[in-house]
Amino acid sequence: MKHRTFVWFILPSLAAMTLFIALPIVSVFIQSLFVGHEQVLVVSKSCGPFGCQESTAIDLEATEKLREEAPLGRFNGLGTYINRSHLAFAEIGVAWAETETFSEFWKVVGDLPFYRALAFTLVYTAIVTPVVILLGLAIALGVNALPKLLKGPSIFVSLLPFLVTPLVGSLILFWMVDGDGVIGATIQLIFNDPNLSLKASAALTWTMLIVYGIWHTLPFSFITFYAGLQTVPDDILEAAKVDGASKWERTLHVVVPHLMPLVSFVTLMLLMDNFRVFEPIVSFSAEAHARSLSWIIYNDLRESGNPLYGSAGATSMLTIIGVVILLAPVLIRTWRDFNRKAH
Amino acid sequence: MATASETRMTPAKAVSFSLVGLWLFIAAFPFLWTFWGSFKVQADFFSKADWTNALWGTQTIAETGSAFTGQGYFGAWVIEAFWQNVINSGIVVVFTVIISLTFGTLGGYALARSGFRYAFWLLIAALVFRAMPHITLVSGYLLPFFEWNIWGHLPTTIIVLVAINQPFTLWMLHSFFLNIPKDMDESAMVDGCTRFQAFRHVIVPVMWPGVITTGLFSFLLAYNDFTVTAMLLSAENETMIPAINSFLGTTQVEGKVMYAVAAVVSATAPLFVLILFFQRQIVSGLTAGAVKG
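Only a predicted model underlies this, so the values are computations on that prediction, with no experimental measurement involved.

S.K.: Describe the packing of aromatic side chains, listing the residues and the values that go with them.
M.R.: For the structure shown, the criterion picks out 44 aromatic pairs over all chains. Taking the centre distance of 6.2 Å and the plane angle of 55 degrees together, the rings of F220 of chain A and F265 of chain A count as tilted. Remark: F265 of chain A occurs in helix α12 (residues 247-275) and F220 of chain A occurs in helix α10 (residues 202-229); sequence separation between them is 45 residues. Assigned by exposure class, F220 of chain A and F265 of chain A land together as buried. Aromatic pair F35 of chain B and F39 of chain B: ring centres 5.5 Å apart, planes at 85 degrees, arrangement edge-to-face. Each residue in the set F9 of chain A together with Y109, F176, F177, F196 and F199 of chain B is aromatic and connected to the rest through ring pairs, giving one cluster. Seen from the ring of F68 of chain B, K40 of chain B lies directly overhead, with NZ or CZ sitting 3.9 Å from the centre.

The structure is reproduced here in structure tokens:
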């Protein structure tokens, strides 16, 4: 295809992506270098018969004017990145100097908002991804062995948790595990503790969110693997059977290697989607114990009346860097493949 | 023909079947439970005393005289004007899908037919964009949108959703167009068509299966979106999903949580129908990028 024709064909799509994905990243970066204006204070002196008094008041008009003139705020350089709500270098330095053991040190770091969110996001991603891949593979093998009549309906049922709106899906589960819901009430009955709540402790909240994550993404890995199973060549399976391989050996040495390219595809997709975990925290109102990177950005933007654009921008930039690090192995491999093909 | 060894029940088979059975139960039960419960009163759906109340509707009978009640639906659709949000969702979803597919087919076709290095780089850039958490982009939109006075309107949200949708649409349609033999459009060009005429008269008639599959996923992205719609739409333009979320803020206090339950069931019903009719296309779309490796 000629360069000229290519440009015309790709133009609408490229324009949309440049305007609403690439430029916003630039805009986020610029925002992150600024902080909101401080309020303009006026000191007025009122002198009476008993001497002079100084009083400070907020000059609303001047503050408003300043905000209108420079909506970005005032320049702060990388200050927002290293303040307490983000990378918190100063606090970590203090913690490193003052704590005796590693566990104490990590405890202090774990209480800093950014690192807390990062920890939850990473733990969520690191648990949900492998569990979903293993269970997905097991269920795909199970469904593949079902009688033909049952395969369609089982796929239909499995698609529901995956395609349902994340916010709605997590609400449905939340209403069930809530103190008065069917599962929550049953758990209270079993442990004979009417105040037991899954939201009470950090560990339980994290578990609840991770269980939701598995429920929501398992169908994706299951269906991808199931489709892959349909392409396993029959003659190789036959040959392995003739050679005396048991069913288990055939699965392990023929089927699983055949699915390996799929495993890396599913891992990539799951990593991308799990890293942006957000809606379940809103639905479960779990923010007391579990906050993800996406959630703290949302929270900064929701700050009523005076959204913290600078802070949200800084967290966004750090999150984007995280995504790139996460994708780096894939990008490097694609780059190598491409070069090999080119030469 | 199934041989005896294939039909015989072995312990391994029993374990794997029960795993499948357990999964199907876990997958379906929450939906059945919520659907059934949406026709009950709150005291039944959230029954601390006895969970079977939700099944038989003990409190519902006591309060309304019948085991099923439409109070939740009436509250959501009529009192809280959920229909308005449904209309907004409809507008956003229809336009997002149409525009995404138009942009995506043109771009995907170009990427599939261009052998130059920049096509590869565009696809890699699209992959990185695909991985971007949506909220990071939203934090870049707010300030400029406020400045230009385009915040809160449906068209703004539609074009943003189209853009966010592009990376995925491009990848999917690109791999679909790769499967359509090059000879088809090239022979049309030998016969004197321009590139666009070849696309219009040769490719368009055969591309519909791929476009429908991609369209289903564009639909899901626009329909399921919470991040963008919650942050970019003003209260009167809200779509269904952020509306359900703001329901919770106001209704939990007033004991009207059943409105939210009814709204949740209403929002899930179209997805249910979608899966019912398009199961095959959805499955093939999920694995489109994958099976080729």
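S.K.: Summarise the pairing of strand β3 (residues 51-58) of chain A; cite the residues concerned and give the values.
M.R.: Residue and element names in this part refer to chain A. As paired strands, strand β2 (residues 41-48) and β3 are joined by eight bridges and run antiparallel to one another. By the bridge assignment for β3, V42 is matched with A57. Connecting the antiparallel pair β2 and β3 is a turn made up of two residues.

S.K.: Break down the domain arrangement of chain A for me, with residues and values.
M.R.: Domain assignment breaks chain A into domain 1 (39-71), domain 2 (80-111) and domain 3 (120-342). The distance between the C-alpha centroids of domain 1 of chain A and domain 3 of chain A comes to 54 Å.

S.K.: Account for the pattern of salt bridges, naming residues and giving values.
M.R.: Scanning the model with the defined rule gives four salt bridges over all chains in all. Residue D273 of chain A is joined to R130 of chain B by a salt bridge in which the shortest nitrogen-to-oxygen separation is 3.5 Å. Of this pair, D273 of chain A sits in helix α12 while R130 of chain B sits in helix α8 (residues 117-131), placing the two residues on different chains. In this structure, D185 of chain B and R195 of chain B form a salt bridge, with 3.3 Å as the shortest nitrogen-oxygen distance. One end of the pair, D185 of chain B, is in helix α11 (residues 182-190); the other, R195 of chain B, is in helix α12 (residues 195-203), with 10 residues separating them in the sequence.

Calculation notes
Residues numbered from 1 in each chain as written. Chains lettered and ligands numbered in written order. Predicted model: local features only at pLDDT ≥ 70, side-chain atom pairs only at ≥ 80, totals over all residues. Heavy atoms only, no water. Phe/Tyr/Trp six-rings, centres within 6.5 Å; stacked < 30°, edge-to-face > 60°. Helix = DSSP H or I, 4+ residues; strand = E, 2+ residues; numbered from the N terminus. Buried < 20%, exposed > 50% of the residue type's maximum accessible area, 1.4 Å probe, protein only. Lys NZ or Arg CZ within 6 Å of the ring centre and 35° of its normal. Pairing = 2+ DSSP bridges. Domains from an automatic or database assignment. Salt bridge = Lys/Arg side-chain N within 4 Å of Asp/Glu carboxyl O.

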